[in-house]
Amino acid sequence: MTQLPSRSVIVVGGGITGLTTAVALQASGHKVTLIARDAPEDTASGVAAGMIAPAMEAMNEPDPAFSYQRLRNAQQAWREGIELWPPRLRFLWQFAQEEGHSYFIWPENEGDGPPDRLVMTGAELQVVSAETRKWLNLQPELQILRVMDDGRVPALHLLKEFEAHFLVSGGNLIRGEVYGVEAKRVRVRHGGWVNADQVVIAAGYGAYGLRHPVPVLKKLSPIKGHLLDLSQITNPVVLRSTKGYLVGGSTGGAFGATMQAGRADLDIEPAVVADLKGRAKTLFPDLELDKAVPRTGIRASTPDGWPLIGRDPASGVLVATGMRRNGYVFAPMAAKIILALVEGRESPDGGIYRPDRFRNPEN
Ligand SMILES: Cc1cc2nc3c(=O)[nH]c(=O)nc-3n(C[C@H](O)[C@H](O)[C@H](O)COP(=O)(O)OP(=O)(O)OC[C@H]3O[C@@H](n4cnc5c(N)ncnc54)[C@H](O)[C@@H]3O)c2cc1C
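Since the model is a prediction, treat every value here as computed from it, not as a measurement.

**A short note on the packing of aromatic side chains**
Aromatic rings in a pair are described by how distant their centres are and how their planes are angled relative to each other. Under the definition given, this model contains six aromatic pairs. A connected cluster of aromatic rings, assembled from ring pairs, spans Phe66, Trp306, Phe330 and Tyr353. Over the ring of Trp306 we find Arg70; its NZ or CZ atom is 4.8 Å from the centre of that ring. The residue whose ring lies beneath Arg185 is Trp193, and the NZ or CZ to ring-centre distance is 3.7 Å.

**Some thoughts on the sheet that holds strand S9 (residues 178-182)**
Spatially, S9-S10-S11 is the arrangement adopted by the three strands of the open sheet, whose pairing is antiparallel. Two strands close off the open sheet at either side, each with one partner strand: S9 and strand S11 (192-195). Between one strand axis and the next, the sheet turns through 25° on average, direction left out of account. In terms of strand pairing, strand S10 (residues 185-188) meets S11 through four bridges, oriented antiparallel. Considered in S11, the bridge of Val186 is made with Val194.

**Looking at the site of the ligand**
Not every one of the 35 residues close to the ligand is listed here, only the nearest: Thr17, Asp38, Ser45, Met51 and Arg325. Here an oxygen atom of the ligand sits 3.2 Å away from a polar atom, N or O, in the main chain of Ile16. Here an oxygen atom of the ligand and a side-chain polar atom of Asp38 are 2.6 Å apart. Here the ligand has 1000 Å² of accessible area as a free molecule, and 96% of this is covered by the chains. Ranked by the residues each element gives to the shell around the ligand, the list is headed by helix H10 (residues 327-342), at three residues. Its residues placed into classes, the shell around the ligand shows 16 nonpolar, 13 polar and six charged.

**Quick notes on the domain arrangement of the protein**
According to the domain assignment, the protein contains domain 1 (8-50 + 156-219 + 303-357) and domain 2 (221-301). Taken over C-alpha atoms, the centre of domain 1 sits 27 Å from the centre of domain 2. Contact with domain 1, which involves 15 residues of that partner, is made by 17 residues of domain 2. For the pair domain 1 and domain 2, the summed buried surface comes to about 1300 Å²; carbon and sulfur atoms form 63% of the total. Among the residues of domain 1 in contact with domain 2, Val47, Tyr205 and Arg324 are the three that bury the most area, contributing 46% of the side total. The tally of links from domain 1 across to domain 2 stands at zero salt bridges. Here domain 1 is connected to domain 2 by three residue pairs in polar contact (both at pLDDT 80 or more). Broken down by element, the residue count for the side of domain 1 that touches domain 2 peaks at three residues, all from helix H2 (residues 44-47). Considered class by class, the residues forming the side of domain 1 that touches domain 2 number five nonpolar, six polar and four charged.

**Some remarks on the sheet that holds strand S1 (residues 8-12)**
Strand order across the open sheet formed by six strands is S8-S2-S1-S12-S20-S19, with mixed pairing between neighbours. Across the chains shown, the open sheet's two edge strands, defined by having one partner strand only, are strand S8 (172-175) and strand S19 (308-311). Sheet twist, expressed as the mean angle between neighbouring strand axes with direction ignored, is 15°. Here four bridges tie S19 to strand S20 (residues 318-321), and the two strands are oriented antiparallel to one another. For Arg311, the partnering residue across the bridge sits in S20 and is Leu318.

**Notes on the nonpolar core**
Within the largest apolar cluster, 62 residues are counted, with the highest numbers of intra-cluster contacts made by Val11, Leu158, Phe162, Ile309 and Phe330. With eleven residues, the top contributor of residues to this core is H10. Each of domain 1 (8-50 + 156-219 + 303-357) and domain 2 (221-301) contributes no fewer than three residues to this core. Every residue in contact with Ile309, bar those within four places of it in the chain, is listed here: Val319, Ala320, Met323, Ala334, Ile337, Ile338, Tyr353, Arg354 and Pro355.

**Structural notes on the side chain of Glu57**
Summarising the element assignment, Glu57 is placed in helix H3 (residues 54-58). Polar contacts involving the side chain of Glu57 include one to the side chain of Arg240, which spans 2.8 Å.

**Side note on the pairing of S20**
Here S20 shows a buried face lined by Leu318 and Ala320 and a second buried face lined by Val319 and Thr321. Pairing analysis gives two bridges linking strand S12 (residues 198-201) to S20, with the strands arranged parallel. Looking at S20, one finds that Val200 is bridged to Leu318. Counting the residues that bridge the hairpin from S19 to S20 gives six residues, and of these Gly316 lies at a positive phi of roughly 80°.

**Observations regarding helix H9 (residues 270-283)**
For H9, with 14 residues, the first-to-last C-alpha span of 20 Å sits near the 20 Å given by 1.5 Å per residue. Of the positions making up H9, those classed as buried are Val272, Val273, Leu276, Ala280 and Leu283. Angularly, the buried residues of H9 cover 100° about the axis, an arc narrow enough to put them on a single face. Of the exposed residues in H9, those oriented more than 90 degrees away from the buried face are Pro270, Ala271, Ala274 and Thr282.

So, how was this worked out
- Residues numbered from 1 in each chain as written.
- Predicted model: local features only at pLDDT ≥ 70, side-chain atom pairs only at ≥ 80, totals over all residues.
- Heavy atoms only, no water.
- Phe/Tyr/Trp six-rings, centres within 6.5 Å; stacked < 30°, edge-to-face > 60°.
- Lys NZ or Arg CZ within 6 Å of the ring centre and 35° of its normal.
- Pairing = 2+ DSSP bridges.
- Helix = DSSP H or I, 4+ residues; strand = E, 2+ residues; numbered from the N terminus.
- Axes fitted to C-alpha atoms, helices over the stretch in contact; angles between N-to-C directions.
- Near = heavy atom within 4 Å.
- Polar contact = N/O pair within 3.5 Å; in protein donor to acceptor, adjacent residues only side chain to side chain.
- Areas by Shrake-Rupley, 256 points an atom, 1.4 Å probe, with all protein chains shown as cover.
- Nonpolar A, V, L, I, M, F, W, Y, C, P; charged D, E, K, R; others polar.
- Domains from an automatic or database assignment.
- Contact = heavy atoms within 4.5 Å.
- Buried area = accessible area lost by both parts, 1.4 Å probe.
- Salt bridge = Lys/Arg side-chain N within 4 Å of Asp/Glu carboxyl O.
- Core = buried A, V, L, I, M, F, W, Y, C linked by side-chain atoms within 4.5 Å.
- Buried < 20%, exposed > 50% of the residue type's maximum accessible area, 1.4 Å probe, protein only.
- Expected span 1.5 Å × (residues − 1).
- Arc of directions from axis to C-beta.

Written as structure tokens, this is what we have:
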């Protein structure tokens, strides 16, 4: 087999998308410079609950069965990509699979069976044993089903592990803000130009700030989210309902989350926090919320709600953003697509997330 030439690649963004992409490129022999403005804990990826939940995400979409298939395909890339990862990351992922059992709960007054939209996804739903129900300590009026194949990873923990692995494997990390982009170089504030064979923008909603040099990024819009950090929730479980979700695990838990379309600020809003706490109390009256720490993050969305992964037609720059609520689901698939494009191969997803699917990608 012909050996592909090694490329130098700049990846802008150190959230889950940028890091999985950087690690995949590096593992395939490319020389990667990662440029990230914020520390992992200050990114949307660091705030996220870490659910990889094709079914419970798809049930909220206009066509649950179609969305479920797309999200399941993306989830599959975690399993494929895992071969590229070092044992420690592989272990974390497998551990998360054991920890992240996911359940959908609903009050009796919302009907006997699970919501139609969850059934429409086609996901396997399993009846829960009396022991599990007891262990979960649920209110008697709540009904519950296990949603097979939905799961959760310890988001911030995994992010830090990816960053550490990138560094020990010889990756070059620049903590700085990119404000100028061309096909083969970027300009870092107080740091001058950095050159490479290819540039990838994986900067979440921060990518919108680079829309002038990379016009397709004008398509991004923000969705702010509040979430309550609950470090005391160590029960390894995901409990999801129409009012919110409670996640827990060995690295702590959370209750969330809001979807505030059009908002790009990180302000903590007391009224929104009070509303979240109220919803949490309705579902879980015993939950201690005094120590809850509110956090906010910004998701990047696109006009059709699906990610933007591929080459910007005008600038030639590669982009991987617009992950909306599903950055953890899509990150390894984004990495796989970007790796193929860097190496001059066809996009393995058939190009469904290409930026030029939008008419007038430059406006
Ligand atoms: C409250 C909340 C809960 C969520 N829960 C889940 C969940 O359970 N499951 C799930 O799959 N998704 C969840 N999400 C969505 C998820 O967080 C995002 O889809 C995902 O984090 C996007 O990752 P990213 O790497 O693309 O972007 P980000 O995590 O936003 O990272 C962007 C990176 O780019 C850097 N950057 C930005 N601009 C520049 C610049 N100009 N120069 C240099 N660097 C720059 C930033 O510093 C950062 O490193 C949640 C989001 C929120 C807000």
